[in-house]
Amino acid sequence: MRKINLNHAYCKSKAFYFIVAFVFLSQIVAGQQVKGVVTDSDGITLPGVSVQEKGTINGVSTNSDGVYSITVKSNATLVFSYLGYKTKEVVLKESNTINVTMEESFETLDEIVVIGYGTQKRSDINSSISSVKAADLANIKQVSIDQMLQGKAAGVSVTANSGSPGGAASIRIRGTTSLTGTNEPLYIIDGVPISGDATGRSTSGQPLVGRDGFSSEGGGGNNAVSPLSMINPNDIESVDILKDASATAIYGSRGANGVIIITTKSGKKGNGKVAYESYISIMSNYKNLDVMNLQEFAKNKTDLAVLYGNEVRPEFSHPELLGKGTDWQDEVYRVAIAKNHQISFSGAKEGVNYYLSGGFLDQQGTIIGSGLKRYTVRLNVDANIKSWLKVGANLTSGITNEKVTVNQSFSGLISNTLLQAPDIPVRNADGSFAGPPDPSQSVTYYNPVAEALTRENKLIRKNFLGNVYAEATILDGLKYRVEFSANTEFSQNEDFRPSYKWGSQVNLTADLDTRNQNWYSTNFKNLLTYDKRLGNHSFTILLGQEANDSHWEGLVTSSNDFQTNENHTINLANPDNNTVTGYKGSAAISSYFSRLIYNFDNKYSFTASIRSDTSSKFDPSSDNQTGTFKALSGSWKLSNESFMESTKDYIDNIKFRVGYGETGNQQIENNRYTALLGAQNSNLGTGFLVSNSPNPFLTWESLNQINVGVDFTLFDSNLSASFDFYDKTSEGFLFQVPLPVYLTGGGGQYGGISAPYSNLGEMQNKGYEFTIGYNLNKDKFNWNTSLNFSHYTNKLVKIQDGIVLTQQVNTNGYQPVVVTNTLIGNPIGMFYGYVSEGIFNDLSVLNSAPLQFGQPVGTAVGETYLGDIKYKDINEDGVVDALDRTLLGSPHPDFTFGFTNNFNYKNFDLSIFLQGSYGNEIMNLTRRAGTKNTSLYENQLVEAINYWTPTNTDTDIPRPIQSDSNTNLLISNRYIEDGSYVRIQNLTFGYSLPQNVLDKLKMSRLRVYGSAQNLYTFTNYSGYDPEIGSFNQSPLLSGIDNGRYPSPRTFSFGINLEF
Amino acid sequence: SDEEENDMVSSGPPVIESVSRAEAGDLTPITIGYANNMYIIQGSGFTSVEKIYFNDTDTYFNPALVTDNTIFVTIDQNTPYENASSILKVVTANGTVTYQFVVAPPAPQVTRGFQPVNANEGDQVTIYGNFFLDPIVTFGSIEATIVSNTLTEIVAIVPAGAQNKYLTVTTISGESSWGTAVGTSIYDDNFYGAWDIPAWNNHEYLTDPENAYQGKTFIHKEISGWDNIQSEWIWDDQISAYTGVRFAVKSDTPGTLIFLFNGNYWGDETRAFDTTTEWQVVSYSWEELGGMPDGVQNISFQEFSGESHNYYFDDFSYTVD
Amino acid sequence: DDFTDRPPEDSISLDAYYNNNSQVASATNGMYSRTWFQLCNKFFWALEVGSGNMYSGSPDVAALRTFSLNGSDPELANGWASLWANVAQANAIINFLETRVGPTVDQSVIDNTVGEAYFMRATAYFYLVRLWGPVPIIENNLDYSSDPAINTSPVADIYTLIVRDYTNAIQRLKSKNRGSNYSENGHVSKGSAKAMLAKVYLYQEDYPNARLMAEEVINSGEFKLLGGSALPSKSFADLFTYSHNNNEESIFALQWKGDGQYGSANNSNTQFGISSSTVSTSNASYGGVMGPSQDVLTLYAANDLRGHETVMVPGDVYPNMNTSIGVGFTVPDEDNAQGSGGGIKKYCLGVQSNETGPVDAWAMMDNSTYIMRYAELLLIHAEAILAGGGSTSDANALNSFNAVRQRAGLTAKTSITFDDIFEERRLELCFEGDYWFDLGRIDKAKAIEIMSAQNRGNRNNAEYYTPVYSASDHGANDFYIDYPDNDVAINPKLLDAPVPYTFN
Ligand SMILES: [Ca+2]
Ligand SMILES: [Ca+2]
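Residues numbered from 1 in each chain as written. Chains lettered and ligands numbered in written order. Predicted model: local features only at pLDDT ≥ 70, side-chain atom pairs only at ≥ 80, totals over all residues. Heavy atoms only, no water.

Engineer: Any details on the overall build of chain A? Residues and values, ideally.
Structural biologist: Each helix and strand in chain A was counted, giving 13 helices and 53 strands. Taking 31 Å as the expected radius of gyration for a compact globule of 1059 residues, we find that chain A reaches 32 Å, a close match to that expectation. Projected onto its principal axes, the C-alpha positions of chain A cover 110 × 70 × 65 Å. Buried positions account for 60% of the 1059 residues belonging to chain A. (Helix = DSSP H or I, 4+ residues; strand = E, 2+ residues; numbered from the N terminus. Rg over C-alpha atoms; globule rule 2.2 N^0.38 Å. Buried < 20%, exposed > 50% of the residue type's maximum accessible area, 1.4 Å probe, protein only.)

Structure, rendered in structure tokens:
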């Protein structure tokens, strides 16, 4: 029994004296001693089951063998409760031995929810938390967990930023909260915090691949790599998403964007289990864009040449004799294969439970030459060493080897594939790669097939993540837990471009860029939890301390002039040209926190938490380093009131929740509080330039959120529903002060002095979301369904005067164009440009229209004529110019939803999952590039043929002008499309062998299944895929399709085995 | 996915039915083609084409411009036309086909005229130019006998009746004429008659065939601003057959000159003309020179840009109708 | 506490540096390269397109060709940023260095470093005032951090600042004699500051002071013409080779060093040169972003040795230059660079070889960019003696003027006019970023006449454009450049009338 506690060293502490006394007291007022064993329905003993004498504060819990012993009054009633099981009451009779079998509960209200530094029953939660279980994710075959959450939880929006294997997704929990900082949530994986920011802004800020950073203006493209792609989704037991600040405030400065807590699997009590799953997937692009074939191209370019007054090309003199030419989409996209094997060994015995797994994934990309291989292992062990001491570890390692494809870039593979001319062959007759014969025909940057097959852009990542803990029960209900975790990753990127001559396109000497980065972070936690129930009062007190320490360093090299294309280590390059640069840094957060959860009579509940974080991002000599984040929430279970007794037959449960919480954000570059000297080379030697203006007053970006919700279940808990409304305001964005360039010289990057960071501005997100689930059980048929729905509105409330928040993307290699703007009173990242009023078809209209961009009426380049776009004079000053740009549309959806249905009949299972987004718009720059009609050598969409001529006036494609800077191509509402869609995201059909057959095979499970991912999309969007996401997760560059790697359609066939 | 879908229709060995010029309009079969021009080969069995040869020259073709029935191909600019096989050969995976097809040289070009210009019947003249393959030389319509020729030079005998006639060189690829008629020269590589430019001009004669306008030799003088180059004064009144005078001129950097005829026009800016770094032929009819003169006495030039330039002159002659 | 105190690990805190002589002496090294990059990457050469020396159809650098450059132009903004980066860095040293140096640092070292900062600030302002006219005078950036909306200052005040700064530089900088050990010639000297100041006086038409400064430089013997009488073994051609970085003629040159970061080296080899269907002179997969204008193709007399080293004309032979087709090539009669039909030779080193020095990942090289060299100082001297007169036969003027001509293989003149000097400056300094400013300082009617007569098209299409001069309307004046839109949005006062500056 608990006597041991009396001798335990911790008890000498005065702080706990009264608690000890309490427990002691409760034990001596005893009458009858009762003991027994608690097991589950399979006969497996359950440790830690709470055994309570009803109506008293007297209670114990079962030991590691499931045995309990309690002294109670005669005729008392014992209440057995255990998370995940139905509570059972037993009235004492004569016997002093009462063995109890607990029944598992499938009611959602009894599920365990991870709330951060602890767990709670769903029914006791006061804040807004969505949970996703392994079973909900099992059918979704994705590389990383972030993409699998799409459509699975209300208020959580997930968009894949790229269809490439391992590409980063953007997760927004209840809209966008930060303007320039990251909006990605914090992930807690088995207690290890990992930022969702794929760009590592607050650490190194360096990409894992590429040499141009994450800028949308450069040629680097969408190169952010998912920080979660190292975790094998199969190992995940549950995902809990903390959405409102009353829940996330316990994570303080890191909780502003929501917290996603991922718990991996552990062994279950019973005999050891071996589970094996294997599947093979076949992926393909489900849509090709309709670009011209060679015959169409030949006719079109001949017509344009005549129109432009250029010579016609003899090879196009008889289009009818030509073939279809090169179909670049066919050449570049392929049917890709993915193979996946998972095996796990798990079990629990004699106080030890274990889970050991291995996974292997070999996934080709649908673009030739791209792909990802991943190897993962995991070991989770928990052991009860003593009755009062439990230790455990979660260790995982992942290695990925990725062949990277550049996408969402003007020079990216996707754009090249669409625009490359069909008269250029992939290869010459001798097998060598071909290219445009003359430089004037070089309209795309390279032969995309040659690029994909000869450029070796490899990324190897090796990640180790582990967490060990020890938990001691000091007293009944009082636990001390110490936890140490570490996470480290080594990544290696090698981008080798061989020398080549593809037609007139020449890379004279081979180039190699490498990036080697390693980082590690450690996290140390001490937690003290006290759980107590006193009659109708129960409370949980948490006291905690946490320290987080991160270090990173990297080495970037560039070399060229290799003697061969075969071997290309740096030593084989011309040593004169080798350049090396590096970076290094560290950051730390030190925290203290406390939480009280109080519950009265299972009717009223109240949670309060406070956390203090001290961050190295702010001036260590000031108070600005430390922020305090508070939260309060409460709930009322109306259904437990006595006056509701009569409604119990149909309303099981009804609970109202209200919460308020504060969180923060500190994810900025290091040392912005002080002025730094950055090393700068010149031929005179290394010198130092001042790189930034300091702001010692810099402090936290803060977020306050109010959440109001109601949960209820009806009809024997078969119908469950949850509604939430929230209003959150972020303030004091960590923002670089928009000083004029004459004071900054353009910032540190090019030798100027970067403006200081400051805390500026305010943004608001309001929204509501709901989830409705229903269960139907009839004989051998079972149906459960769940619908979640989310809506938010986003508004920039305040920002410093004069700040310019326009964002640019690069469309042709050297002149970026503005595509979005963010203005006070509007949602952020709105599409921005001119408004088209159609095409000029009437000279009198043209002559009386406001002068456009100072261009006189006429047909030449630089003049406006019939067939040109008529732009609206928004400010009505009589001329059309840059002042007439306006907001054109919104990438923010009116609502998003996910709809899951699972059916079971006998041994068959079927699930269908739909997901969608409504009311968001897309800026289709791919269509812009495909309908320009400016070049005689660039391929275009077939619709471009329908350009305006004096005899073809009923069209939306303006007259062709041989200039890429002609005003018809300005960013306008012409390129804005409805991005709404409904997608059959997953359809799975499975068959499990019946139990009697399995018994003969000595197996516990054998299931075969087939599934289709991304099966069909209902949309009016004309591009590849309406799911665009954000450019490198930037909140100000969402919904812009500049040649995004389309998400493939995937068919998978697999088998699950358990024995 | 490199396999073309139209492999399906691929058939047996290749067959060439016709070759035509790649140009809009009806396709006319031809048997003669030119380097650097594109042709359409029609027939069948071309899908697996591996090689194309014109006159045994391995000729690049664009696989994207090949169907089973058609090949668009440009004859390589370095295809030989002299002593050539005149065979077009298409090699596919299924066999080889040959086709009689002549690659003609480019049209002949008379680039530096002939020398001497004032040749008499029976004299030999040398014609300078390019692409002289199997040439025919005519003066007016009278064919001359060719003594010898290479691709760049022809030696021909001046036939009777050639005086004041223009020379033309003709090959299967076309013809090219020269703008100075036989017997009309004042200066080609030499002066005729009493004509000369006195040495005090400090001019020089450059023998530099690469840069001559005509023949091998031409005149050079660096003329300072407003300065001049002057010929001897003589008297030539045998000019009734002629309509005016002409000459070729250039300068090292853009300059300006005045043509001084019989001592007239000194300093007359309305008579100034610009010179460039390229040879240009300047001609004046008698009308432009104030009507048919009694005689030609003097041909000189005044610098009129005011800057010093290097001026070059060649091929002074009379013009005929 | 200590745990959350994370000082930088890959940079240095401002307060922890400047402890010894070599640290102080190296403080300005970066101001010879990166701070100038955004100017010299493209915008400096866009000015040569504007002056009619270069041709380009590339929209990032071609706006001045048609006099349609406006404040939204990204390269204009880059040029602006670069000059202000120099002002900001110079101000940091001028205002803060002396209070932060360690006790062992010699005063002479401090003086020289601060002198370099004055030199850089003056030079940056000299470009600013010539490009934009009235701009804000900023002597300490921190004065305006909380109130950045400041007025511009009148042009005269900016010139006052420039003269003061160069004078400060002259007082502090070391004297030098440019010898054959080129590695010692990189930093500017007293002579560099005097030479720049001579040019500034010339722009102000203060001829006596211009002459005085020029003669102090000439008489010091610090600099020599490569291929001039003092250095007959060298030649004009050597000026633009990598091995002659910081030669005896160099007065102030930018000191590029490719270091793996974009923006550390000289992009001219790729921006200039040729990238035709048969030959490329750059390691990049593109090249010849700017070509020579049609004017410049025929600008040089056959016997002017500078022609072959300045502009590639079809038929010109470069036997030693490495190219995509091997060492040596004849300029083909093709479109070459931008349809110009030729190529820019100056600053074009060719594909990397032993002679070119290293090339970085962006195909940029380490050849220095001249801001001023001795030949220009000699022409300034001649012009200062002419002093606005019709012509001069002054022996000193002729000595200076003819030294430049004779080095180019041309005959001496016995009397010179302003037009002679003006033309010689174009011939000598073509593609070095100065002709735009020369056109901007002469009589506007004459400049407009010159510019509107230039064929500003390519070899296939002749095009002519006429610039507009308006003394009253900054925005309509093609001889001044628009303020960048983004800065005007933050501070509309940039468009207001300048407010006289109060010097301390
Ligand atoms: Ca307007
Ligand atoms: Ca001759």
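Engineer: Which residues make up the overall build of chain B, and what values do they have?
Structural biologist: Of regular secondary structure, chain B possesses 0 helices and 28 strands. In terms of principal-axis extent, the alpha carbons of chain B reach across some 85 × 45 × 35 Å. Counting all 321 residues of chain B, 50% fall into the buried class. Looking at chain B alone, contacts between residues at least 24 apart form 67% of all its contacts between residues at least 6 apart. (Contact = heavy atoms within 4.5 Å.)

Engineer: I'd like a description of the interface of chain C and chain A, backed by residues and values.
Structural biologist: Taken together, the 80 residues of chain C in the interface contact 71 residues of chain A. For the chain C and chain A pair, buried surface summed over both sides reaches about 6,200 Å², with 57% attributable to carbon and sulfur atoms. Linking chain C with chain A are 1 salt bridge. Of the charged contacts in the structure, one is a salt bridge between Arg6 of chain C and Asp549 of chain A, with a shortest N-O distance of 2.7 Å. Every element with two or more residues in the side of chain C that touches chain A is listed here: β1 (12-13), α2 (34-51), α3 (74-100) and α16 (485-490) of chain C. Partitioning the side of chain C that touches chain A into residue classes produces 36 nonpolar, 31 polar and 13 charged. (Buried area = accessible area lost by both parts, 1.4 Å probe. Salt bridge = Lys/Arg side-chain N within 4 Å of Asp/Glu carboxyl O. Nonpolar A, V, L, I, M, F, W, Y, C, P; charged D, E, K, R; others polar.)

Engineer: So what's going on with the packing of helix α6 (residues 190-203) of chain C against helix α11 (residues 374-386) of chain C? Residues and values would help.
Structural biologist: Residues and elements named next belong to chain C. Taken N-terminus to C-terminus, the directions of α6 and α11 make an angle of 40 degrees; their axes are 10 Å apart at the nearest point. Taken together, the axes of α6 and α11 lie oblique to each other. In this structure, α6 meets α11 at a crossing whose hand is left-handed. Along the contact surface, α6 presents Ala195, Ala198, Lys199 and Leu202, while α11 presents Glu376, Leu377, Ile380, Glu383 and Ala384. Here the contact of α6 with α11 is built from residues that sort into 6 nonpolar, no polar and 3 charged. (Axes fitted to C-alpha atoms, helices over the stretch in contact; angles between N-to-C directions. Parallel < 35°, antiparallel > 145°, perpendicular 65-115°, else oblique. Left-handed = near helix turned anticlockwise from the far one by under 90°.)

Engineer: Before we move on, can you summarise the pairing of strand β22 (residues 456-475) of chain A with the specific residues and values?
Structural biologist: Regular strands place their side chains on alternate faces of the sheet. Residues and elements named next belong to chain A. Bridge count between strand β21 (residues 389-403) and β22: 15 bridges; the pairing is antiparallel. Note on β22: the bridge partner recorded for Lys403 is Lys458. Strand direction decides the pairing type here: β22 and strand β23 (residues 478-497), joined by 19 bridges, are antiparallel. Across the sheet, residue Arg461 finds its bridge partner in β23, namely Ser491. Between the antiparallel neighbours β22 and β23 lie 2 residues, among them Gly477 with a positive phi of about 90 degrees. (Pairing = 2+ DSSP bridges.)

Engineer: Just give me the short version of the coordination of the calcium ion (ligand 1), but keep the residues and values in it.
Structural biologist: Residues and elements named next belong to chain A. Surrounding the calcium ion (ligand 1) are the protein donor atoms Asp873 (OD), Asn875 (OD1), Asp877 (OD), Val879 (O), Asp884 (OD) and Asp884 (OD), at 2.2 to 2.5 Å. Here the calcium ion (ligand 1) binds 6 donor atoms, and the angle range of 54 to 158 degrees at the metal identifies the geometry as irregular. Sequence spacing of the donors to the calcium ion (ligand 1): D-x1-N-x1-D-x1-V-x4-D. The exposure class of Asn875 is partly exposed, given its relative accessible area of 35%. (Donors = N, O, S within 2.8 Å, 3.2 Å for Na, K, Ca; no water. Tetrahedral: all angles 85-135°; square planar, octahedral: opposite > 155°, others 65-115°.)

Engineer: Tell me about the nonpolar core, and please be specific about residues and values.
Structural biologist: Residue and element names in this part refer to chain C. Membership of the largest hydrophobic core comes to 165 residues, with the highest contact counts inside it found for Phe43, Phe119, Tyr125, Trp132 and Ile162. The element contributing the most residues to this core is helix α4 (residues 107-132), with 16 residues. In this structure Phe43 touches Gln38, Leu69, Glu75, Leu76, Gly79, Leu131, Trp132 and Ile481, once residues within four positions along its chain are discounted. (Core = buried A, V, L, I, M, F, W, Y, C linked by side-chain atoms within 4.5 Å.)

Engineer: Can you break down the coordination of the calcium ion (ligand 2) residue by residue, with the values?
Structural biologist: All names here are of chain B. Donor atoms from the polypeptide that coordinate the calcium ion (ligand 2) comprise Asp188 (O), Asp189 (OD), Gln214 (O), Gln214 (OE1), Thr217 (O), Asp314 (OD) and Asp314 (OD), at 2.4 to 2.8 Å from the metal. Of note, the donors binding the calcium ion (ligand 2) are all from one chain and are spaced D-D-x24-Q-x2-T-x96-D. Of this pair, Gln214 sits in the loop between β20 (204-207) and β21 (217-223) while Asp314 is found in strand β28 (residues 309-319), placing the two residues 100 residues apart along the sequence. Look at Gln214 and you get buried, because its relative accessible area is 0%.

Engineer: Provide a residue-level description of the sheet that holds strand β8 (residues 87-92) of chain B, including the pertinent values.
Structural biologist: Strand order in the open sheet made by the 4 strands is β5-β4-β8-β9 (chain B), with antiparallel pairing throughout. Edge positions in the open sheet fall to β5 (57-58) and β9 (95-100) of chain B, since each of these has one partner strand only.

Engineer: Lay out the interface of chain B and chain A in plain terms, naming residues and giving numbers.
Structural biologist: The interface is formed by 21 residues belonging to chain B together with 20 residues belonging to chain A. Buried surface at the junction of chain B and chain A, summed over both partners, amounts to about 1,600 Å²; 58% is from carbon and sulfur atoms. Elements with a minimum of two residues in the side of chain B that touches chain A: β3 (38-44), β6 (61-66) and β7 (70-74) of chain B. Of the residues in the side of chain B that touches chain A, the class split is 11 nonpolar, 6 polar and 4 charged.

Engineer: If you had to explain the environment of Tyr166 of chain B to someone new, which residues and values would you point to?
Structural biologist: Residues and elements named next belong to chain B. Take Tyr166: it is sitting in the loop between β16 (153-157) and β17 (167-171). For the pair formed by Tyr166 and Asn120, sequence separation is 46 residues and the distance between their alpha carbons is 14 Å. Not counting residues within four places of it along the chain, the set of residues in contact with Tyr166 comprises Thr138, Phe139, Gly140, Trp178, Gly179, Thr180, Ala181, Val320 and Asp321. Only 3.4 Å separates the side chain of Tyr166 from the backbone oxygen of Val320, close enough to count as a polar contact. (Polar contact = N/O pair within 3.5 Å; in protein donor to acceptor, adjacent residues only side chain to side chain.)

Engineer: Residues and numbers for the side chain of Arg974 of chain A, please.
Structural biologist: All names here are of chain A. Position of Arg974 relative to the elements: it lies in the loop between α12 (925-930) and β49 (976-978). At 5.8 Å, Asp956 is the nearest oppositely charged side chain to Arg974, a buried residue that forms no salt bridge. Only 2.8 Å separates the side chain of Arg974 from the side chain of Tyr975, close enough to count as a polar contact. In this structure, Arg974 is in contact with Ser836, Ile869, Arg927, Asp956, Pro958 and Asn968, ignoring residues within four places of it in sequence. (Lys, Arg positive; Asp, Glu negative; His and termini not counted.)

Engineer: Quick one: what's the story with the packing of α11 of chain C against helix α13 (residues 418-429) of chain C, residue by residue and with numbers?
Structural biologist: All names here are of chain C. Interhelical geometry of α11 versus α13 gives an angle of 170 degrees and a closest axis separation of 10 Å. Overall, the two elements α11 and α13 adopt an arrangement that is roughly antiparallel. Only Phe418, Ile421, Glu424, Arg425, Glu428 and Leu429 of α13 make contact with α11, whose side of the interface consists of Ala375, Glu376, Leu379, Ile380, Ala382, Glu383 and Leu386. When its residues are assigned to classes, the contact of α11 with α13 shows 8 nonpolar, no polar and 5 charged.

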